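Below are the chains, spelled out letter by letter.
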Amino acid sequence: YWCVRFPISIYLGWISVATIANAAICGVASRGLDTFSLAMEIHLSVAMQTAATLLGVGMLCFFFDVVFAYVIVWALYAISAQQDNRAGQAALVLCAALFLSTTAVAVYVLWTSGRRRRRPDE
């Protein structure tokens, strides 16, 4: 696990976050910086953060990949740290990160409790 799945999960998480960020940058660049309003920028940012959160929850539910989900949480927290001048957006990112980390813990607990070996006499 530690030699194969752990590093691949970290790498896949960062590639996923980078792809989502590049899609947002392409969306901004295709519209032009002068015609891109602040409201549209916030909507695009919220959509990209929602996509990252849903991707993390999907990887948790279907593949039980807690490491991938925590990489997404790490990236969302890094985004919120850069948004210190936009309090509403930073709060939204922190809520998404908190939701994803809570889901990760819940899935991990349910997964490990289901994997316990039961004795034949139970």
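Values in this document were obtained by computation on a predicted structure and should not be read as measured data.

**Description of the nonpolar core**
Line of reasoning, step 1. In terms of nonpolar packing, the biggest core is built from 18 residues, with A52, L60, A69, I72, L76, L100 and A104 touching the most fellow members.
Line of reasoning, step 2. Listed by contribution, the elements that provide at least two residues to this core are α1 (5-31), α2 (38-63), α3 (66-82) and α4 (87-114).
Line of reasoning, step 3. Those residues in contact with I72, other than ones at most four positions away along the chain, are G13, V17, A52, G56 and L100.

**A look at the packing of aromatic side chains**
Line of reasoning, step 1. In this structure the tally under the stated criterion is one aromatic pair.
Line of reasoning, step 2. Plain terms: the ring middles of W14 and W74 are 5.1 Å apart, the flat faces sit at 70° to each other, and that makes the pair edge-to-face. Taken as a pair, W14 in helix α1 and W74 in helix α3 lie far apart in primary sequence, 60 residues in all.

**Observations regarding the confidence of the model for the chain**
Line of reasoning, step 1. For the chain, per-residue confidence averages 77 on the pLDDT scale, and residues scoring 70 or more make up 76% of the total.
Line of reasoning, step 2. Element-level pLDDT for the chain is lowest in α4, with a mean of 73, against a maximum mean of 85 in α1.

**Let's talk about α3**
Line of reasoning, step 1. Look at α3: 25 Å from first C-alpha to last across 17 residues, which is about the 24 Å you get at 1.5 Å a residue.
Line of reasoning, step 2. Among all positions in α3, only V66, V67, F68, A69, V71, I72, V73, A75, L76 and S80 are buried.

**Concerning a nonpolar patch on the surface**
Line of reasoning, step 1. Together, Y70, V105, Y108 and V109 line one region of the surface with nonpolar side chains, adding up to about 360 Å² of accessible area.
Line of reasoning, step 2. Considering each element in turn, the nonpolar patch owes the most residues, three residues, to α4.
Line of reasoning, step 3. Within the secondary structure, V109 is located in helix α4.

**Structural notes on the environment of F68**
Line of reasoning, step 1. Within the secondary structure, F68 sits in helix α3.
Line of reasoning, step 2. Assessed through its relative accessible area of 1%, F68 is described here as buried.
Line of reasoning, step 3. Along the chain, F68 and S16 lie 52 residues apart, while their C-alpha atoms are 9.5 Å from each other.
Line of reasoning, step 4. Ignoring sequence-local partners within four residues, the contact set of F68 consists of S9, L12, G13, S16, L55, G56 and M59.

**Let's talk about the environment of W14**
Line of reasoning, step 1. Take W14: its relative accessible area is 33%, and that puts it in the partly exposed class.
Line of reasoning, step 2. Those residues in contact with W14 that lie beyond four places of it in its chain are V71, W74 and A75.

**Re the side chain of T53**
Line of reasoning, step 1. Inspection of the secondary structure assignment puts T53 in helix α2.
Line of reasoning, step 2. Polar side-chain contacts of T53 include one of 2.9 Å to the backbone oxygen of Q49.
Line of reasoning, step 3. In contact with T53, other than residues within four places in its own chain, are L76, A96, F99 and L100.

Scoring rules and cut-offs
Residues numbered from 1 in each chain as written. Predicted model: local features only at pLDDT ≥ 70, side-chain atom pairs only at ≥ 80, totals over all residues. Heavy atoms only, no water. Core = buried A, V, L, I, M, F, W, Y, C linked by side-chain atoms within 4.5 Å. Buried < 20%, exposed > 50% of the residue type's maximum accessible area, 1.4 Å probe, protein only. Helix = DSSP H or I, 4+ residues; strand = E, 2+ residues; numbered from the N terminus. Contact = heavy atoms within 4.5 Å. Phe/Tyr/Trp six-rings, centres within 6.5 Å; stacked < 30°, edge-to-face > 60°. pLDDT = per-residue confidence, 0-100. Expected span 1.5 Å × (residues − 1). Patch = residues over 30% accessible without salt bridge, like charges linked within 9 Å, V, L, I, M, F, W, Y side chains within 5 Å. Areas by Shrake-Rupley, 256 points an atom, 1.4 Å probe, with all protein chains shown as cover. Salt bridge = Lys/Arg side-chain N within 4 Å of Asp/Glu carboxyl O. Polar contact = N/O pair within 3.5 Å; in protein donor to acceptor, adjacent residues only side chain to side chain.

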